[in-house]
Amino acid sequence: MNFDLSEDQVLLAEMVGRMLGDHAANDRRDPGAEWRDCLGQGLIALPFAEDQGGLGGGHEEVMLMMEAIGRNLSQTPYLQSVLLAGRVLALAGRMELGDLLDGAQRHCLCLYEPGQRYRWATPATRAERCAEGWSITGAKVSVPDLDDTCALIVPAATAEGLVLFLLPPGISGVTLDIRPAPDGRTAANVNFASVIVPVDAAIGDPAGNEALLAEALDGAVLASCAESIGAMERLLDLTVEYCNIREQFGAVIGSFQALQHRAADMLIAIERARSITIYAASMMDAPAARRSVAVSAARALVNRSSRFVGQQAIQLHGGIGLASECAAGAYFQRLTVLETLLGDTEHHVAAVERSGGLLAA
Amino acid sequence: MELQFNEGERAFREEVRAFLLDNIPERIRQAVYEERPLPRDWMIEAQQILNSAGYAVPHWPIEWGGRVWSPVKRAILAQEIDRNSVPKPLPFNVTLIGPIIAAFGTEDQKQRFLPGIANLDIWFCQGFSEPNAGSDLASLKMSAIREGDHYRVNGRKIWTTYAHEADWIFCLVRTSREERKQQGISFLLIDLETPGVEVSPIQSIDGFHHLNEVQFDDAIVPAENLVGEEGKGWDYARYLLGQERTSMGNVGFSRRRLERSRALAGEAAGERSETLLGDADFLRRQTWAEIRLKALEITQMRVVASAPVQGADPKTSILKTEGGELLQEAADLLLDTMGPEALTAGFPAGIGPEEFYGIDERSGILSAYFSSRKYSIFGGSNEIQRNILAGSVLRLGRKR
Ligand SMILES: Cc1cc2nc3c(=O)[nH]c(=O)nc-3n(C[C@H](O)[C@H](O)[C@H](O)COP(=O)(O)OP(=O)(O)OC[C@H]3O[C@@H](n4cnc5c(N)ncnc54)[C@H](O)[C@@H]3O)c2cc1C
């Protein structure tokens, strides 16, 4: 085993860290500008194969990118549009990937449905064949980072099986209900009322779409773990910094053993999260079922660590931790969103349970 | 021992419950149930309804609206208020400043303030914490210098809940420098309209504005607004600690949250079974929380039934930490009923409470989750409570 980064990986991490760090230092931060910079620096192309116009980066490179996003609390929709929607386009071999790579179009994947938790593989959203092609009816919830300029990828049940539909922005019959999310971003609920799309809007092959989505999702879940780890590490740094300047009872509060031990526990929780995430990364080329279980194990533990680290960071800050002006709160909020975004603790632990546990893995 | 409520107590509970359900408007109870912040006039409306029935200040002296009810009955009332989603009588008014004025104020102060405090005609906020005086409250610096018949007040208070809604603020101020930092502190009532007093908002991570900073620049405050004796402010503040403990465990509130998490989990899809409540893991956590709640209810009643102790009372610290942690656990459970829909249930970022209302019946849950971190921070953090238990109670590391 060797856990060291290669020279190229070190350079990548430095470049991304510097770029997003500069944005983070800007008072009037603009997620749009961060996206354009990612595009300019080839980061949108990073995870895609060279023969698809990408740079051929692997999971490790993506994780470095996502850690930097987490650490700098970047609101760039990388997870959504590159790692989920973009990956689906790539796996299905769609031309539209080119629009993402050259910055002409951003795509969003609509996974979840009302009242169905994380059951994306059996959607109630349905599509029927019609004269013009397909007619889609149903509803999706909680699509992160979706705005009215985005193209949509919508899984729907059909007589032929699970079909993924690619919908251009502004198509008739689609209504977006965009809401502020608790992490300062937005998310949307989407309604589809007899949305008519041409035949070639159907992506992939119904027999393989569930596996295709699972593969994209596993990669995104792994990446989201890296984002959470980056966010947790920065949050612990902020907390330690604060504990070493805040004085009460004539001493810095960092000198109180109760707080020292709490911070040490936070560090342990983060390292635990990092290790399980490295394990999951090592399993990305394993057969699909084992890969998915490894990813679920990672997200379950990362979720648990995130909750502890987020809550305790606020505790150690005291009152100021509750104030929006203090950076700790924004990290806590993002960590909380990441806990529910692509499967919460309950969801991922259940997946590991169903596989019969990890001892044989 | 009498380990269950007796017949009279049970009858009282029914009477209270019936009154609350009949008289507090449904729109208010619904908002409280959903944990949406209430408009100012709804809070006043609710408190006035309670006050009309003698339910706002039963623990006060009888001449000021108190009732000759046993502490057990008062605890039942507090629990029913919370449990039935009725807004609590404003704690700053009825459990903090009211009892202080009743105990240490002048006759004039009592006449002038107590009826309005009980009826929420006068809204008080609490000016204790300062930027550099939080857990170490006694190190507070805000100064009040006596000049003839008034005080000249300078300094800054922070984390002042509802200062933007309030009419008055009660402050701990430094009136002289003494050897011990607990000395030289006085208790002063200040009209927020006073020139030189400025309230500025602090946005909090639950997406709302409840907190404020209050700045005092050469504010002139009549000397008659001093409560009790100069230099005794710290003792009065400590007197409060030992006082109203009938509602300290927040048991009614935790029960309401746990009833809600059970209900929502019963409707939500599960991971291993049809509903989330059928999921072994969720159900186990919910059940543990209910077991802790039952213990807390009994702890609360044990505290209520025992005579107040002056100074460090271990029961108070235990009740405060257990109560706060259970509210936090219940908020965790509520969050966990939502799955991916947590993202769009509604969060008041950048929009006013009005627009936020009713986006989704679960719209208050995320705010409540974030804001619940406060229960282990304010009013003596959990670390401070554990310091008290370890030091003053268990006398760890001290010579006997
Ligand atoms: C939502 C909210 C509402 C509030 N409303 C009001 C109000 O209306 N009026 C008012 O006056 N105040 C109010 N407060 C302030 C509150 O009482 C203080 O936040 C509290 O006393 C803690 O002080 P601090 O915030 O300065 O934290 P600090 O005292 O700086 O504490 C920071 C951390 O250090 C820990 N710590 C401190 N000392 C020790 C020690 N000796 N040993 C171990 N750990 C220690 C704390 O537990 C905490 O984890 C409110 C606070 C909140 C969060």
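Residues numbered from 1 in each chain as written. Chains lettered and ligands numbered in written order. Predicted model: local features only at pLDDT ≥ 70, side-chain atom pairs only at ≥ 80, totals over all residues. Heavy atoms only, no water.

Description of the overall build of chain A
So, step 1. Regarding its fold elements, chain A presents 10 helices and 10 strands.
So, step 2. In terms of overall size, chain A behaves like a compact globule, its C-alpha atoms giving a radius of gyration of 21 Å where 361 residues would be expected to give roughly 21 Å.
So, step 3. The principal-axis extent of the C-alpha atoms belonging to chain A is close to 80 × 50 × 45 Å.
So, step 4. By sequence separation, contacts in chain A at least 24 residues apart represent 72% of the contacts at least 6 residues apart. (Helix = DSSP H or I, 4+ residues; strand = E, 2+ residues; numbered from the N terminus. Rg over C-alpha atoms; globule rule 2.2 N^0.38 Å. Contact = heavy atoms within 4.5 Å.)

Focus: the interface of chain A and chain B
So, step 1. Contact with chain A, which involves 51 residues of that partner, is made by 50 residues of chain B.
So, step 2. Summed over both sides, the interface of chain A with chain B buries roughly 4200 Å², with 55% coming from carbon and sulfur.
So, step 3. If you sort the residues of chain A by the area they bury against chain B, R117, L322 and E346 of chain A come out on top, with a joint share of 17%.
So, step 4. In this assembly, chain A and chain B are joined by six salt bridges.
So, step 5. Taken together, the elements giving at least two residues each to the side of chain A that touches chain B come down to β3 (133-144), β6 (174-180), β7 (186-197), α7 (257-282), α8 (288-317), α9 (327-341) and α10 (345-354) of chain A.
So, step 6. Considering each element in turn, the side of chain A that touches chain B owes the most residues, seven residues, to α9 of chain A. (Buried area = accessible area lost by both parts, 1.4 Å probe. Salt bridge = Lys/Arg side-chain N within 4 Å of Asp/Glu carboxyl O.)

Quick look at the domain arrangement of chain A
Residues and elements named next belong to chain A.
So, step 1. For chain A, the assigned domains read domain 1 (7-106), domain 2 (108-203) and domain 3 (209-354).
So, step 2. Domain 2 and domain 3 are separated by 30 Å when their C-alpha centres are compared.
So, step 3. At the interface, 16 residues of domain 2 touch 17 residues of domain 3.
So, step 4. For the pairing of domain 2 and domain 3, the buried interface totals around 1400 Å² over both sides, and the portion due to carbon and sulfur atoms is 64%.
So, step 5. In terms of surface lost to domain 3, no three residues of domain 2 exceed Y118, W120 and D183, which account for 39% of the buried area on that side.
So, step 6. There are two salt bridges connecting domain 2 and domain 3. (Domains from an automatic or database assignment.)

Looking at helix α10 (residues 314-336) of chain B
So, step 1. Here α10 of chain B spans 33 Å end to end across 23 residues, near enough to the 33 Å set by a 1.5 Å rise per residue.
So, step 2. Summarising burial for α10 of chain B: 17 of the 23 residues are buried, a large majority. (Expected span 1.5 Å × (residues − 1). Buried < 20%, exposed > 50% of the residue type's maximum accessible area, 1.4 Å probe, protein only.)

Focus: the domain arrangement of chain B
So, step 1. Split by domain assignment, chain B resolves into domain 1 (7-89), domain 2 (124-237) and domain 3 (250-399).
So, step 2. Computed over C-alpha atoms only, the centres of domain 1 of chain B and domain 2 of chain B are separated by 29 Å.

Focus: the site of the ligand
So, step 1. Around the ligand sit 30 residues, and of these R246 and Q315 of chain A together with S135, W159 and S381 of chain B come closest.
So, step 2. With respect to the ligand, its neighbouring residues span chains A and B.
So, step 3. Side-chain polar atom of S129 of chain B to a nitrogen atom of the ligand: 2.8 Å apart, as the coordinates give it.
So, step 4. For the ligand, whose free accessible area comes to 960 Å², the fraction covered by protein is 93%. (Near = heavy atom within 4 Å. Polar contact = N/O pair within 3.5 Å; in protein donor to acceptor, adjacent residues only side chain to side chain. Areas by Shrake-Rupley, 256 points an atom, 1.4 Å probe, with all protein chains shown as cover.)

Focus on unusual backbone geometry
Residues and elements named next belong to chain A.
So, step 1. Backbone geometry places S142, a non-glycine residue, at a positive phi of 55 degrees.
So, step 2. In this model, D145 sits at a positive phi of 60 degrees, which is unusual for a non-glycine residue.
So, step 3. Assignment of secondary structure puts D145 in the loop between β3 and β4 (151-158).
So, step 4. With a relative accessible area of 11%, D145 lands in the buried category.

Points about the confidence of the model for chain B
So, step 1. For chain B, the mean per-residue pLDDT works out to 93, and 95% of the residues sit at or above 70.
So, step 2. At the level of chain-chain contacts, confidence expressed as ipTM amounts to 0.96, with global pTM at 0.97. (pLDDT = per-residue confidence, 0-100.)

Some thoughts on the packing of aromatic side chains
So, step 1. One pass over the full model with this rule turns up 23 aromatic pairs over all chains.
So, step 2. Ring centres of F332 of chain A and F370 of chain B lie 5.3 Å apart, and the angle between their planes is 80 degrees; this geometry places the pair in the edge-to-face category. Residue F332 of chain A is located in helix α9, and its partner F370 of chain B is located in helix α12 (residues 365-371); the two belong to separate chains.
So, step 3. The buried category is assigned to F332 of chain A, whose relative accessible area is 1%.
So, step 4. On the basis of relative accessible area, F370 of chain B is assigned to the buried category, the value being 0%.
So, step 5. Ring plane angle 80 degrees and centroid distance 4.9 Å describe the contact between F113 of chain B and W168 of chain B, whose orientation is recorded as edge-to-face. Here W168 of chain B lies in strand β4 (residues 168-174) and F113 of chain B lies in helix α6 (residues 107-119), a separation of 55 residues in the sequence.
So, step 6. Each member of the aromatic cluster is reached from another via a ring pair, and the members are F113, F124, F128, W168, F170 and F187 of chain B.
So, step 7. Here the basic side chain of R27 of chain B rests over the ring of W42 of chain B, its NZ or CZ set 5.0 Å away from the ring centre. (Phe/Tyr/Trp six-rings, centres within 6.5 Å; stacked < 30°, edge-to-face > 60°. Lys NZ or Arg CZ within 6 Å of the ring centre and 35° of its normal.)

Some points on helix α9 (residues 280-305) of chain B
Each α-helix turn comprises 3.6 residues. Residues three or four places apart therefore point the same way.
So, step 1. Along its 26 residues, α9 of chain B runs 37 Å from first to last C-alpha, staying within 8% of the 38 Å computed at 1.5 Å per residue.
So, step 2. Those residues of α9 of chain B lying buried are F282, Q286, A289, L293, L296, E297, T299, Q300, M301, V303 and V304 of chain B.
So, step 3. If you follow the buried residues of α9 of chain B, they end up packed against α10 of chain A together with α4 (71-83), α8 (251-267) and α10 of chain B.

Considerations on the environment of L335 of chain A
Residues and elements named next belong to chain A.
So, step 1. The residue L335 is located in helix α9 in this model.
So, step 2. Taking the relative accessible area as the measure of exposure, L335 reaches 1% and is therefore buried.
So, step 3. As a C-alpha pair, L335 and E227 span 108 residues in sequence and 8.8 Å in three-dimensional space.
So, step 4. Residues contacting L335, with those up to four places away along its chain left out, are S228, A231, M232, L235, S306 and G310.

Here we look at the environment of G270 of chain B
So, step 1. As for its placement among the helices and strands, G270 of chain B is situated in the loop between α8 and α9.
So, step 2. When the C-alpha positions of G270 of chain B and G339 of chain B are compared, they lie 9.7 Å apart, and in sequence the two are 69 residues distant.

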